[in-house]
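Breakdown of the fold
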Number of protein chains: 2
Amino acid sequence: MLKKIGANAKEAASYVRRLASAEKNKILTACADALEKNAAEIISANAKDMAASDPARKAFNDRLMLNEQRISGLAEGMRKVSRQNDPTGEVLYIKTLPNGLNVGEKRVPLGVVGMIYEARPNVTTDSFALCLKAGNACVLRGSKEAIHSNVAIVKILQAALTRLGHPPKIVQLIEDTSRETAREFMRLNGYLDVLIPRGSAGLIQAAVENATVPVIETGVGNCHIFVDESADLTKAVPLIINAKTQRPSVCNATEKLLIHKNIAKTFLPKICGALAAAGVKIRGCGKTCALFSAASIASEDDWHTEFLDLIIGVKVVDDLDAAIAHISKYSSGHTDCILTESYTNANEFIDLVDSAAVFVNASTRFTDGEEFGLGAEMGISTQKLHARGPMGLTALTTTKFFVTGNGQVRG
Amino acid sequence: MLKKIGANAKEAASYVRRLASAEKNKILTACADALEKNAAEIISANAKDMAASDPARKAFNDRLMLNEQRISGLAEGMRKVSRQNDPTGEVLYIKTLPNGLNVGEKRVPLGVVGMIYEARPNVTTDSFALCLKAGNACVLRGSKEAIHSNVAIVKILQAALTRLGHPPKIVQLIEDTSRETAREFMRLNGYLDVLIPRGSAGLIQAAVENATVPVIETGVGNCHIFVDESADLTKAVPLIINAKTQRPSVCNATEKLLIHKNIAKTFLPKICGALAAAGVKIRGCGKTCALFSAASIASEDDWHTEFLDLIIGVKVVDDLDAAIAHISKYSSGHTDCILTESYTNANEFIDLVDSAAVFVNASTRFTDGEEFGLGAEMGISTQKLHARGPMGLTALTTTKFFVTGNGQVRG
C-alpha cells in the first residue's frame, strides 16, 4: 500500500516542482482559509482523539488539543509561509569553462519529503506548508493518538487543492498508524527523497536505526552553559534562569551548567539558590553538592540526559579545556554556550565546540528558525549532513548542476 | 575493536580541526614525498595483492596494480589537493538581529569521515588527502584484495604524520576486511559523521541497506542522451560516440539513447551504424530493431542497467515528454542530456529532469569534479541530501551557527 502512496507522491512531486511561486502562495492562502472555514469539523475530529487520550497526560493533551484559536494559529502559520521567499530556482553560479561549456548550479526541490511525528497536529499543517513552498510533495505519518485530527486536516487541505485544480496527492497521510507500516515507510527507497522524524528521542532513534532512506535527525538538545571565570556574573544569573526555566520542555532549554572552579565558591551557591527559588532541582557533582547542600548527586546517566523538565545538572570544572572536554563527551550537539568576557576564550569555544549552534553570552533559548530569521522551521537538525541547526525552507531543497554546450566532447 | 578506532578518530578529528591550512598543506606535501620515497615498499606489498588476484580479471587487476609511475600519480594528486583552497573557516554571513544578537554561519569540518571501497589503492590516498584538507580525520576500509597495498600506504602516511609531530590516527585503516566488520563499521554511530561508499552498485546498496550512520550514495550512472527532432545531427554523432565509447567503464558514460520519432528513420540507422562500427552492441526497442537489423531486442532489465561496457540501449520516443517520462522512470539520477536546438525544449529538459547533472548539447562524460572546476573529487553523489553531483572539498564540510550577545534572554 505504501508503494502506491509513494508512486502518487512521486507523480505529485513532478507536478509541484513546476508550480510558480505565485501559484504555491495561492494554494497556501486557500488552505489557510479552508482550515478556518472548516474549524468545526477539525474540532469534532480532535474531540475523538482527546476522548481517547489519558486525561492524566496533561502536557501531551495540551499539544494534542485544537480549538478555534489554535486552528487560526495553524492557518496564520501557512499564510506566513506564503509570504516567505521561495528558495527554489536560485542560480548559485554559472561559470564558463575553458572549452566553452557553461556549468551552473541551481537550487531545486528535493522531491518527496516523508515526515514521521507524534501527537502534534500542528506538524501536519506546518510540514505541508513548508514542503509545498519549497516545491515538494509530502507524505505524512502522524501518531495514532492524533489520527482523527490528522485525517480531518489532510482532507481539508486535499479538498482545497482539488478546488484549485491541483492534484490532491501533493499531500498524503498514511492512515495506518501501526509500527509495521512506520517501518515500511522508513524503507521506502525509490519514493522518498528524505525522511524527517520529529518528536521524542525514541522516535528519532527508531528512524536512525531502521531507515534505509536518508534521514535528517532532529531535535535532541542536551544543552550546556559554561560560566567562565571572567563571566559577567550580574548578567549570568538572569540569563541562566531564562535558559533553564523560560520553557523547560523544549530542546533549546539548558540542561547542564558548568562553572569554572575559580568562581565556584561564590557564584555556585548564588546561581543554584536562584535556580532552586525558580523551582529547579539541582543534580550536581561532588563539589557542587559540597557548596550547595540542597543539590543531590548526579549520576553518570544524568550528564547524558535531556531532562526537558525543571532539573539541571551542575558541575565544577577546572578550566575552559575541561569544559570543552565535558561538552564534547556529553553534548547532543544542539546548542552550547559560554559566558565569558575573554575574547580568546570566546573564540576558542566557538571553534572547538562541535555543535550546531555555539553561543557566547546569550540564552540557549534563541536557537530557533524564527529567532534566527530563517522563517518557519522544520525542526532543528543535530546531525552534520545537509542541514545543521534550525532548518528553514532551504533545508527542503537540493541543488542540480546544469551544463550547456554546443557539441563539446571530452578529450 | 572498531569502537577503539572510532574513539581514536574522534580524538584525531578534534586535533585536525585546529590545524591551519599551511600546516595541512605541509602534511600533504610530506606525505606525497614519502609515498615516492617508499615506492619500492608499496610495490612489493602490491605484488602480494596482485599475486593473489585472478589473472583473468583484467580490468580489476589494472585498477589494483601499482608501479612507480602510478605512485608518482598518487603523490601528485596529494600535491594538487595541497594547492586547492581550504573550504573551512569561511563565514557564509553574519547578521545582527533586532535584539542585538549577532548570528553567523560558518563552514567547519565534518569530523570523522568513513570510507568503504573496493580494490583501488588510489582511493586510499585520495580520501586521506581530501579529508585532511577539509579538516577531518578518516577511517578507511578497503577490500581484502588490496589489503597489502593499503596497509603499506597507510603505514607510510602515518609515519609521515608522526615525523611532523602530528597524531598518526588522523588516518586509520581497518585491516580486518571481513563482512561482519564492514557491517559494524556501517553502524558506528557516535563516531562516524558520514560514511561514503565508493565502488560497485552492490557495495553502495549494501551501505544504504545496512548503515545507521549517514551515508552519501555515490556513483551509479544509468545516463541518457535524448536526441530531439531539432538536434544538430552533424554534432550529435561524434558527441554520442564520445559519450558512449571514450571510457565505457565509468559512471558518466552514456548507457541509453532516446531518439525522437520524427528523425528516427534517417538518424537511427546512421548513429547505430556509427556505434556498431565503434564496437558497441545495440539493444533496442521494437522500432529500433526494425530500423537497424543488427540490434537485438532490449529487455525491461536493460533499461535499468548501467552496462559499464560497449553496450547501449536505444529507444524511439514520441516527443520530449515521453523522453522525460522514460528518464524519470529509469535514470539513476546521475547525468542526463538533451541534444536540441529548441530553446524551450532545452529549458524544459533542464527543469524537469531530476538528475544531479542535466546537460544540453555536450557529452555526459564531462560530469566530473576536475572538469567542473571543483578540484579533486570524492565521488559523484546520486542522492539529493547534503551533496549532489561531483563532490569536492566542500562536500566534506558542514556548517555551524555562532551566536554572540551581551546577555540577551528570550522574552
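To start, this report covers the structure provided alongside it. (Residues numbered from 1 in each chain as written. Chains lettered and ligands numbered in written order. Predicted model: local features only at pLDDT ≥ 70, side-chain atom pairs only at ≥ 80, totals over all residues. Heavy atoms only, no water.)

1. Here we look at the relation of the copies chain A and chain B
For the pair chain A and chain B, the superposition axis carries a translation of 0.0 Å, the fit reaches an RMSD of 0.0 Å, and the rotation angle comes to 180°. Overall, the copies show the geometry of a two-fold rotation axis. Every residue of chain A has its C-alpha some distance from the rotation axis, and the shortest such distance is that of His386 of chain A, at 1.8 Å. Most of the interface of chain A is mirrored in chain B, where 100% of its interface residues again form contacts. (Least-squares fit on C-alpha atoms with pLDDT ≥ 70 in both. Contact = heavy atoms within 4.5 Å.)

2. Observations regarding a positive patch on the surface
Residue and element names in this part refer to chain A. A cluster of basic residues, Arg57, Arg63, Arg120 and Arg247, forms a positive patch on the protein surface. Mapped onto the elements, Arg120 comes out in the loop between β3 (112-117) and α6 (121-133). On the basis of relative accessible area, Arg120 is assigned to the partly exposed category, the value being 36%. (Patch = residues over 30% accessible without salt bridge, like charges linked within 9 Å, V, L, I, M, F, W, Y side chains within 5 Å. Areas by Shrake-Rupley, 256 points an atom, 1.4 Å probe, with all protein chains shown as cover. Salt bridge = Lys/Arg side-chain N within 4 Å of Asp/Glu carboxyl O. Lys, Arg positive; Asp, Glu negative; His and termini not counted. Charge placed at Lys NZ, Arg CZ, Asp CG, Glu CD. Helix = DSSP H or I, 4+ residues; strand = E, 2+ residues; numbered from the N terminus. Buried < 20%, exposed > 50% of the residue type's maximum accessible area, 1.4 Å probe, protein only.)

3. Here we look at the interface of chain A and chain B
Reports often express the size of an interface as the amount of accessible area lost when the parts come together. Chain A puts 73 residues into the contact, and the matching count from chain B is 73 residues. Three residues, Leu385, Phe401 and Arg410 of chain A, lead the burial of chain A against chain B; their summed loss comes to 15% of the area buried on that side. The tally of links from chain A across to chain B stands at 12 salt bridges. Residue Glu371 of chain B pairs with Arg410 of chain A through a salt bridge whose shortest N-O separation is 3.3 Å. Connecting chain A to chain B are 51 residue pairs in polar contact (both at pLDDT 80 or more). Contributions of two or more residues to the side of chain A that touches chain B are made by β1 (91-96), β2 (102-109), α9 (201-210), α10 (233-245), α15 (343-352), β13 (357-362), β15 (389-390) and β16 (397-408) of chain A. Partitioning the side of chain A that touches chain B into residue classes produces 31 nonpolar, 23 polar and 19 charged. (Buried area = accessible area lost by both parts, 1.4 Å probe. Polar contact = N/O pair within 3.5 Å; in protein donor to acceptor, adjacent residues only side chain to side chain. Nonpolar A, V, L, I, M, F, W, Y, C, P; charged D, E, K, R; others polar.)

4. What to know about the environment of Leu19 of chain B
Residue and element names in this part refer to chain B. For Leu19, the position within the fold is in the loop between α1 (2-16) and α2 (21-37). On the accessibility criterion, Leu19 (13% relative accessible area) is buried. In this structure, the C-alpha to C-alpha distance between Leu19 and Gly135, residues 116 residues apart in sequence, is 7.4 Å. The contacts of Leu19, once residues within four sequence positions are left out, are Lys24, Ile27 and His166.

5. Comments concerning helix α11 (residues 261-277) of chain A
Residue and element names in this part refer to chain A. In this model α11 runs 23 Å from its N-terminal to its C-terminal C-alpha over 17 residues, within 8% of the 24 Å that 1.5 Å per residue would give. Along its length, α11 reaches its greatest deviation from straightness, about 55°, at Phe267, and the proline Pro269 lies no more than four positions downstream. Ile263, Ala264, Phe267, Leu268, Ile271, Cys272 and Leu275 are the residues of α11 that are buried. Contacts made by the buried residues of α11 are with β7 (223-227), α10, β8 (254-260), β9 (281-284), α12 (286-291) and β11 (311-317). (Expected span 1.5 Å × (residues − 1). Bend = angle between axes of the 7 residues up to and from the residue.)

6. Digging into the sheet that holds strand β5 (residues 171-173) of chain A
Pairing between the strands of a sheet comes from backbone hydrogen bonds, and it takes one of two forms, parallel or antiparallel. Residue and element names in this part refer to chain A. As summarised here, the arrangement of the four strands in space is β5-β4-β3-β6, forming an open sheet in which the pairing is parallel. Strand pairing shows two members of the sheet lacking a second neighbour, β5 and β6 (194-198), which therefore form its edges. Direction aside, neighbouring strands of the sheet carry axes that sit 20° apart on average. Relative to strand β4 (residues 137-141), β3 is paired through five bridges, and the arrangement is parallel. Directly across from Ile116, in β4, lies its bridge partner Arg141. Along the sheet face, helix α1 (residues 2-16) touches β3, β4 and β5 and points at about 145° away from the line of β4. On top of the sheet, helix α8 (residues 179-186) reaches β3, β4 and β6; it is set at about 150° to β3, its chief contact. (Pairing = 2+ DSSP bridges. Axes fitted to C-alpha atoms, helices over the stretch in contact; angles between N-to-C directions.)

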